[in-house]
Each structure stands twice: as C-alpha cells, then as structure tokens.
2 protein chains.
Amino acid sequence: MVDENIEKVSIPSLRRLPLYYHYMKILKKRKVDYVSSTKIAEKMNLTPIQVRKDLSITGVKGRARVGFNIKDALEKIEEFMGWKDKKDGILVGCGDLGSALLGYNNFKNYGFEIVAGFDVDEKITGTEIHGKRIFPIDRMENLCKRLHIKVGIICVPSKSAQKVAERMIDSGIEAIWNFAPAALEIPNDIALHQEDMAASLTILFKKHRKNR
Amino acid sequence: MVDENIEKVSIPSLRRLPLYYHYMKILKKRKVDYVSSTKIAEKMNLTPIQVRKDLSITGVKGRARVGFNIKDALEKIEEFMGWKDKKDGILVGCGDLGSALLGYNNFKNYGFEIVAGFDVDEKITGTEIHGKRIFPIDRMENLCKRLHIKVGIICVPSKSAQKVAERMIDSGIEAIWNFAPAALEIPNDIALHQEDMAASLTILFKKHRKNR
DNA sequence: TAGATTGTTAATCGATTAACAATC
DNA sequence: TAGATTGTTAATCGATTAACAATC
C-alpha cells in the first residue's frame, strides 16, 4: 500500500508536503492539536482539496469537522518522506557553497548527514570545516566504499562537475545532488537531482512579472 | 507574442531550459555550431519532442536536418528567461548559507546582483562579506526604497523568517526568495519562491529508491 | 440535530507524447 | 534525391479541481 503510493506521488506534491510540515510544526509549538485542510490551504494559497489529496498519500487520516491531528500528520509526513531513514552522504567541492552545506544543521532533521568533504585544494584538505573532515579527492572511492555511502553532493565549478560525477559513480554513489550549473550526463540508474539557481531565479522573476 | 508565452510556460519547462542552456554553452566552447533536439534529449533522458516544445517557447527556430543554431538558441533562452534584464536584490541573514550566496558569482550571469546584506548580529554589521556591505536590519527599508530594490532573499532561521518577510514587504520588496524552511504567509501579489532543502532531499531519495 | 469537514469518485484542465506534413 | 529533423496539430496521460456522500 505505502509502496504503491511511493510510485504514484507527483513531484509537485513532494514540494508541497514540506510546507504543510513546516506550518504544522509551528502550530504544534503553539500547542494546537488539530488543523483543517481549509486552514492550511488558506495560508499557502492552495485549495483545501489539494491539501487533503496531498496529505492522503502519506496515509494520515483526518476527522470530519475537526481536521487533522497535528502530531499524527507530522509523524506520517516524516515517515512518508523518508526522513526517518538515516542516510549518509559526502560532499565534493568545499568552496563557499560547499562549506555552507557542510554546516547546514537542518539536514539531520531529514535523516541526512554529510560525513566528509572532499576537495582538490591542498590548503584545505586535512582541515575541518564545521566539524567535518576534508579529504583529498583521491580518497573518495575508498571512503565511500568502506562506509557504503550512496549519496554525493557536487559543489564544484561547472567545468569539473561531469568528471566529479563520474568519479562518484565509480565510488559506488547512487544518488547525486548537483549544485553546479551543469547538465550532467549520467546512466539512467543513478538518481540525479539538479539544484539550479538559474531556474529558481527565473521562476521567481516570472512570478513577479505576472503579478504586475 | 512573447508576452503571451510568458503566461503559458510551465514550471517544469522553466526548470528544463537552463539544462539545455548549460549543455549548449559547453558545445559552444567546443566550437560546435548546431545541435539537434535528439542529441539534447539523449543527454538528459528526455524526448526530442519535449526539447523542441520547450525550445519553441523561447522563439528560437531550428532548421530541418540540421538542428538548432547554438548561438541563436543561447541568445533566445537568455532573453526569454529574463537573464538580460538587470535586477538588484538584498539578502537578510548573513550566516553560512547567506554568506555563500553573497559570494555566488554566477548570479551575474542571470542578470541578478545582491547589492547588500543585512543582519541583526552587531559583530558582522558594518563589515563586508565577499565585497558586499552588511547593514543592521533597521536600515533595510530606507535602502530598499532609495534604490528601488524589489527582490529579497531570506536566509535567517525559520522562526524569524515570517517577521523578516513582513519587513521586506514594508520595504517595498515584491519578490521573495526564501531559503528558510518555513511556510511564509504573504499577500497574493508578492511573488514567492521557496527553496526547500527538505523537498530537494526527498525528491532525490525517492528517485533513488525507485531505481532499486 | 445542524453543519463543517473529510475522503473518494468523476470531470476538467494542462502537460507530455504521438503522428505526420513540411523542410532542408 | 533520400532521409533526418523541425514544428504543429491531435491524442494521451496525469494532476488538479469539482461534486458529494459519509462522518463526527
């Protein structure tokens, strides 16, 4: 049942669920116990039907006239999103953005931890950034295989991104989160999520233009 | 014609266009002049039809049997995406992530520039980060109004995000790029783009799980 | 009870894919 | 010329929205 749903969930739903989650977290802190789809929808300019549909994939059940139990809903969202499964990852490219991600404390709330950083710059290899050790890139394969690490984050300049991706794949990485503005060419069985500042900026600008 | 299309373009298309762009940039560097939709589609596991449909919204015309002129296509994408229009923005919350964004050089390729940072921490106000001056948050309204700044980036902790958003709106900001994991409640006429690490991570994990 | 809210089934809307004539 | 590729129109697919019975 749950496994069937995993296949069926749409990307837009996966983007909305965290918003409901953040909002319900705040309500929980305010000691609120229940919230209706109407209330949630109002806050984020969506329809109540959409909120109910999204929440229903997580398996949470609401109560007519009352709404959703916030504690339950938070639990179910965490479970469905896979935030309860612990996952380790490594990060390559410890420049400004890479360093920021190494220190991003919120990852642990989503079951994710970056266990090490890699870089080519000998000035930073051997040091620690935000408590994470930084290794030369030659050590990646050994470390990833030894610790069975499957998630890799790319924060290198675009022109090195493809090479780093290939090296990650050789190291046994199965899921790549790419922050470099580069179209990676990788096999079909490797999961790729592209974080694209260009796309984000453009979506923001287009929405802005539409409003005027 | 162009203005009609602006309304019609889908978010998924806006996310794909930068990928074609990055890829064509590389080809251009390699002195390649033309590329077919088939070739592009192959590289990113899409269909050629989808690539042609996406490209057609930008107004670029291909040539049968030859494909798309890369120089033309890059030009048209830049134009359509609004990367040629110069836009200034400010950033609030100069912690790790905020600092990284202040130093993110790629923004200028998309016509965007962060002109100043704001923070509550007196240890950093008055200093510069990556060449950008950091001001106390009280100065935001005056500066934004004076320089007609319409774009604001939020990099503060979640619990302050709502307050910062409201302050931005008071300062005349019309488009908010929110990196805090918080569901902002803002008027309908303010553009909002939520950058959600939780959503990104989850999409990556789900793709990964599906592959196995 | 009355009425607000859920959850599900059906209808609509929009994006992707297929088909194919036009073109180089 | 033959055949690869574009661009457009039509068909399909999937996500959103509407309708409404069930429920508390």
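Since this is a predicted model, take the numbers as computed values, not measurements.

Asker: So what exactly am I meant to see when it comes to the interface of chain B and chain A here?
Answerer: Much of the literature gives interface size as the accessible area that the parts lose upon coming together. Contacts between chain B and chain A engage 66 residues on the former and 66 residues on the latter. Here chain B meets chain A over a buried area of about 6300 Å², counting both sides, of which 65% is carbon and sulfur. Our count for the contact surface shared by chain B and chain A stands at four salt bridges. The salt bridge partner of Asp-85 of chain B is Arg-209 of chain A, with a shortest N-O separation of 3.4 Å. Run the count over chain B and chain A and you get 24 residue pairs in polar contact (both at pLDDT 80 or more). Contributions of two or more residues to the side of chain B that touches chain A are made by helix H1 (2-8), helix H2 (11-29), helix H3 (37-44), helix H5 (70-81), helix H6 (96-102), strand E8 (175-178), strand E9 (191-194) and helix H9 (197-210) of chain B. Of the residues forming the side of chain B that touches chain A, the biggest block, 14 residues, is contributed by H9 of chain B. Of the residues assigned to the side of chain B that touches chain A, the class counts are 37 nonpolar, twelve polar and 17 charged.

Asker: Hey, could you run me through the UniProt feature "domain: CoA-binding" (unreviewed entry) in chain A in this one?
Answerer: In the numbering used here, UniProt assigns the "domain: CoA-binding" (unreviewed entry) feature to residues 83-183 of chain A. In the segment residues 83-183 of chain A, helix accounts for 28% and strand for 29%; the C-alpha atoms at its two ends are 28 Å apart.

Asker: Looking at this model, I keep getting lost on the protein's contact with DNA strand C. Mind explaining?
Answerer: Taken together, 21 residues lie around DNA strand C, and Ser-37, Arg-52, Gly-62 and Arg-65 of chain A together with Ala-64 of chain B are the ones closest in. Among all atoms of DNA strand C positioned within 4 Å of the protein, those belonging to sugar or phosphate total 53%. A distance of 3.0 Å separates a base nitrogen of DNA strand C from a polar side-chain atom of Arg-65 of chain A. Measuring from a phosphate oxygen of DNA strand C, one finds a side-chain N or O atom of Gln-50 of chain B at 3.5 Å. At the level of elements, helix H4 (48-58) of chain A together with H2 and helix H4 (48-58) of chain B are the ones that each hand at least two residues to the surface near DNA strand C. The biggest single contributor to the surface near DNA strand C is H4 of chain B, with three residues. Here the residues of the surface near DNA strand C are counted per class, giving five nonpolar, seven polar and nine charged.

Asker: Which parts of the structure should I look at to understand the pairing of strand E6 (residues 132-136) of chain B?
Answerer: The side chains of a regular strand alternate between the sheet's two faces. All names here are of chain B. Where strand E4 (residues 112-119) meets E6, three bridges bridge the pair, whose relative direction is parallel. Bridge pairing links Phe-118 to Phe-135 in E6. Here two bridges tie strand E5 (residues 128-129) to E6, and the two strands are oriented antiparallel to one another. Looking at the pairing, Glu-128 lines up with Arg-133 of E6. Taking the residues that link successive antiparallel strands as the turn, the E5-E6 hairpin has two residues, and the phi of His-130 there is positive, at about 50 degrees.

Asker: Where do I start with the relation of the copies chain B and chain A in this structure?
Answerer: Each copy superposes on the other: chain B lies on chain A with an RMSD of 0.0 Å after a rotation of 180 degrees and an axial shift of 0.0 Å. The superposition operator between the copies reduces to a two-fold rotation axis. Mapped onto chain A, 100% of the interface residues of chain B again fall at the interface, so both copies present the same surface.

Conventions and cut-offs
Residues numbered from 1 in each chain as written. Chains lettered and ligands numbered in written order. Predicted model: local features only at pLDDT ≥ 70, side-chain atom pairs only at ≥ 80, totals over all residues. Heavy atoms only, no water. Contact = heavy atoms within 4.5 Å. Buried area = accessible area lost by both parts, 1.4 Å probe. Salt bridge = Lys/Arg side-chain N within 4 Å of Asp/Glu carboxyl O. Polar contact = N/O pair within 3.5 Å; in protein donor to acceptor, adjacent residues only side chain to side chain. Helix = DSSP H or I, 4+ residues; strand = E, 2+ residues; numbered from the N terminus. Nonpolar A, V, L, I, M, F, W, Y, C, P; charged D, E, K, R; others polar. UniProt positions renumbered as here; feature names shortened; annotations may be inferred. Near = heavy atom within 4 Å. Pairing = 2+ DSSP bridges. Least-squares fit on C-alpha atoms with pLDDT ≥ 70 in both.

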